[in-house]
Amino acid sequence: MKPKGSSQQGLWAATLGFFFGFASVALFGPTAKIFKGLMDLTPSMVALLVAMPALSGSLLRIPFAASVENNGGRKPFLVLLGLSLLGMLGLTVLVLTKYPDGLSRSYYPLLLFFGLLCGCGIATFSVGVGQVAYWFPKKQQGKALGIFGGGGNLAPGIFSFVLPIALTELGLGMSYVIWLAILLLGTGIYFAIGQNAWFFQYRAAGLSVEESKSAAASDGQENFPAGSSIASLKISARTWKTWALVLIYFTTFGGFIALTAWFHTFWHESFGFSTVKAGVLTGLYSLLSSIVRIPGGSISDRFGGERTVMVSLSSLIVGAGIVAFSSHVYVSYFGVILMAIGMGVANAAVFKLVAQEIPQAIGGAAGWVGGLGAFGGFAIPPVMGALVSYHGKAGYAEGFLSFVVLGLVSLILAWVLSGTSEKRKAAAAAAAVPKPLRSPLARPAFDLRPGIVAGTTARICICAIICIVQYWLLTASMEAFHGGNSFVALPMFGASLICFALVAGLILTGEAGSGKLKEDLRKP
């Protein structure tokens, strides 16, 4: 058989699919204010409503990315786009039939449900990472994944400019109709041109695993799946490098999502900008961070993913420090530019490292990194908001100190990754030279002990942030419950249980991973 498609076709199909999937939630946040006024929603209810797509869009990345190991990515991609279509269709029907006079608070749970479905479009990212990674050889993956991530991430920036015009000129109902048509178009394009890498096509044709690997390798494919989805998740969870990359991506991409929601309020409250000007500045930040992600992949190919991440994190730390302590608007502009560039380039380099450092389980690793990393978009804003609660107006700028702390920890982890990578290369070079047999008591040339510390540090930081978010959710749910507002109390309590499950899972996988590393270190 002759396999279909090419690496370039696979790249552009995944990029367009992710772009339209990300666009499916673009209309949800800006229209939350309209729902707030019509349905008499409390601030907590609005916050939960806006967070729903980010919650599902991050956590669903984990299982769907791992499923790429079984089927290559096309099926989970279409399932996620189909679910987001259902969510957008539900919102469109609700708005067309009930807006404006029929929208009451009784429809709030339905809005939450549709928001969760719309968030499925965001989860296409980690599926696309695995799909693109299997299409390209290792030396080209930084560039390919940079184009994929940067092109797809342009959606929120572009639509932040288009949405105000659409809502003003077309109204709420027609805007939802157009967005539904856009998402349907994007799903159709992916369905028409999206293809799995050659290995998965040979497997679908009935060839055995070994036959498929041999045939795909002759076509030019270099990376192959480790096995089942569960196996991929387990293998990647036992690798400390996965958790180091999770925290780095939590800081950079989770921070990117958090700031696209936070900057509008920051510019308005700190400098008194109008809603339009604050929205334009937020859109420019989003576009800059997305655009630099495209060359960021090529940079990581040329200079190495670890070095690129370290330089990018340094830019992020300096920029966040400037914004936190600056009272001059132009100085703050400069700090934001440094943050946008640092986040965008680092986001590209991280997934270069995923394919490089965990090649035996790319799908599972992409799920952990993409899913828990994107969860930062849900977890970081409450931490920044807590500083506003304690310090008032000054807290809007002081909230950026959270990025200084996260950036410094991430920088240390990237440094450890770089060191262990150099040791691995040196050990591989030394192994190529014949040497006399060594004593079985001799220490291995490649000592992974720093990795145990790095992986544990990453888990502790993520668990700490998630625990803060869980406390915020529990507090808000109790306040709502005592106020007789079960519409917000029960969903927030459910979200807090999800946070508890995440922390428990991180602790359990941490013990398993550290134990595995210790066993490896004892081997001669």
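As a reminder, the structure under discussion sits directly above these lines.
Residues numbered from 1 in each chain as written. Predicted model: local features only at pLDDT ≥ 70, side-chain atom pairs only at ≥ 80, totals over all residues. Heavy atoms only, no water.

S.K.: Looking at this model, I keep getting lost on the overall build of the protein. Mind explaining?
M.R.: Scanning the protein from N- to C-terminus turns up 23 helices and zero strands. Expressed as a percentage of its 524 residues, the buried residues of the protein come to 56%. Nonlocal contacts in the protein, meaning residues at least 24 apart in sequence, comprise 83% of its contacts between residues at least 6 apart. On the protein, roughly 21,100 Å² of surface is accessible, and the fraction owed to carbon and sulfur atoms is 69%. (Helix = DSSP H or I, 4+ residues; strand = E, 2+ residues; numbered from the N terminus. Buried < 20%, exposed > 50% of the residue type's maximum accessible area, 1.4 Å probe, protein only. Contact = heavy atoms within 4.5 Å. Areas by Shrake-Rupley, 256 points an atom, 1.4 Å probe, with all protein chains shown as cover.)

S.K.: Help me understand the environment of K277, please; the structure alone is not making it clear to me.
M.R.: Mapped onto the secondary structure, K277 falls in helix α14 (residues 275–291). The class for K277 is partly exposed, based on a relative accessible area of 39%. Separated by 10 residues in sequence, K277 and W267 place their C-alpha atoms 8.5 Å apart.

S.K.: Sorry, what's going on with a nonpolar patch on the surface here?
M.R.: A cluster of nonpolar side chains, namely I158, F161, V162, V276, V280 and L284, defines an oily patch on the protein surface of about 460 Å² accessible area. Among the secondary structure elements, those contributing two or more residues to the nonpolar patch are α9 (141–193) and α14. For V280, a relative accessible area of 34% translates into the label partly exposed. (Patch = residues over 30% accessible without salt bridge, like charges linked within 9 Å, V, L, I, M, F, W, Y side chains within 5 Å. Salt bridge = Lys/Arg side-chain N within 4 Å of Asp/Glu carboxyl O.)

S.K.: Hey, could you run me through the nonpolar core in this one?
M.R.: A general trend in soluble globular proteins is that nonpolar side chains are found buried together. One finds L259, F351, F375 and F400 to be the most contacted residues of the largest nonpolar core, which totals 158 residues. Among the elements that make up this core, the one with the highest residue count is helix α13 (residues 240–271) (18 residues). When neighbours within four sequence positions are excluded, F400 is seen to be in contact with L259, W262, F263, F266, A320, V323, A324, M339 and M384. (Core = buried A, V, L, I, M, F, W, Y, C linked by side-chain atoms within 4.5 Å.)

S.K.: Explanation requested: the packing of α13 against helix α19 (residues 376–391) in the structure shown.
M.R.: In helix packing, the relevant descriptors are the interaxial angle and the interaxial distance, both defined with respect to the helix axes. For the pair α13 and α19, interaxial distance at closest approach is 8 Å and the crossing angle is 60 degrees. Taken together, the axis directions place α13 and α19 in an arrangement best described as oblique. Regarding α13 and α19, the two cross each other, and that crossing is right-handed. Residue-level contacts link F250, G254, G255, I257, A258, L259 and W262 of α13 to G376, G377, A379, I380, P381, M384, G385 and V388 of α19. Looking at the contact of α13 with α19 residue by residue, the classes come out as 10 nonpolar, five polar and no charged. (Axes fitted to C-alpha atoms, helices over the stretch in contact; angles between N-to-C directions. Parallel < 35°, antiparallel > 145°, perpendicular 65-115°, else oblique. Left-handed = near helix turned anticlockwise from the far one by under 90°. Nonpolar A, V, L, I, M, F, W, Y, C, P; charged D, E, K, R; others polar.)

S.K.: Just to check I follow, could you spell out the packing of aromatic side chains for this structure?
M.R.: Here the distance between the centres and the angle between the planes together describe a pair of aromatic rings. For the structure shown, the criterion picks out 33 aromatic pairs. Both rings, one in W135 and one in W198, keep their centres 5.0 Å apart while their planes meet at 80 degrees; by these two values the pair is edge-to-face. On the criterion of sequence distance, the pair formed by W135 in helix α8 (residues 124–135) and W198 in helix α10 (residues 198–204) is long-range, its members being 63 residues apart. Residue W198 is classed as buried on the basis of its relative accessible area of 14%. Against the face of F191 rests R74, its NZ or CZ located 5.0 Å from the ring centre. (Phe/Tyr/Trp six-rings, centres within 6.5 Å; stacked < 30°, edge-to-face > 60°. Lys NZ or Arg CZ within 6 Å of the ring centre and 35° of its normal.)

S.K.: Explain the pattern of salt bridges to me, please; I cannot follow it from the model alone.
M.R.: When the charged atoms of two side chains with opposite charge come close together, those side chains can pair. This structure, assessed with the given rule, holds three salt bridges. In this structure, R105 and D40 form a salt bridge, with 3.8 Å as the shortest nitrogen-oxygen distance. Residue R105 is located in the loop between α6 (74–98) and α7 (108–118), and its partner D40 is located in the loop between α2 (32–39) and α3 (43–59); the two are separated by 65 residues in the primary sequence. Residues K352 and D301 are paired through a salt bridge, measuring 2.9 Å at the closest nitrogen-oxygen approach. In this pair, K352 sits in helix α17 (residues 329–357) while D301 sits in helix α15 (residues 293–303), placing the two residues 51 residues apart along the sequence. Overall, K352 belongs to the buried group, its relative accessible area being 8%. Looking at D301, the relative accessible area reads 24%, which means it is partly exposed.

S.K.: Explain α15 here, please?
M.R.: The α-helix winds at 3.6 residues per turn, so residues separated by three or four positions along the chain end up facing the same way. Within α15, burial applies to R293, G296, G297 and S300. Each buried residue of α15 sits inside an arc of 105 degrees when the element is viewed along its axis, so together they form one side. Where α15 ends, the next residue or the one after it, G304, has phi of about 100 degrees, a positive value. (Arc of directions from axis to C-beta.)

S.K.: So what exactly am I meant to see when it comes to the side chain of Q131 here?
M.R.: Along the polypeptide, Q131 turns up in helix α8. The exposure class assigned to Q131 is buried, which follows from its relative accessible area of 2%. A distance of 3.0 Å separates a polar atom in the side chain of Q131 from a polar atom in the side chain of Y190. Excluding residues within four positions of it along the chain, Q131 makes contact with A14, V68, G72, G73, R74, F77, Y190, Q195 and N196. (Polar contact = N/O pair within 3.5 Å; in protein donor to acceptor, adjacent residues only side chain to side chain.)

S.K.: What should I look at first to understand α8 in this one?
M.R.: Helix length check: α8, at 12 residues, gives a terminal C-alpha distance of 17 Å against a target of 16 Å (1.5 Å per residue), a fit within 8%. Summarising burial for α8: 12 of the 12 residues are buried, a large majority. Regarding α8, the residues found buried are T124, F125, S126, V127, G128, V129, G130, Q131, V132, A133, Y134 and W135. (Expected span 1.5 Å × (residues − 1).)

S.K.: What's the story with the packing of α14 against α15 in this structure? I'm lost.
M.R.: Where α14 contacts α15, the axes come no closer than 4 Å and their chain directions differ by 25 degrees. In terms of their interaxial angle, α14 and α15 are classed as roughly parallel. Together, S289, S290 and I291 of α14 and R293, I294 and P295 of α15 make up the contact between the two elements. Here the contact of α14 with α15 is built from residues that sort into three nonpolar, two polar and one charged.

S.K.: I'm lost on the side chain of R74 in this one. Help?
M.R.: The topology assignment puts R74 in helix α6. For R74, the side chain forms a polar contact with the main-chain oxygen of F191, separated by 3.1 Å. Setting aside its immediate chain neighbours within four residues, R74 contacts Q131, Y190, F191, G194 and N196.

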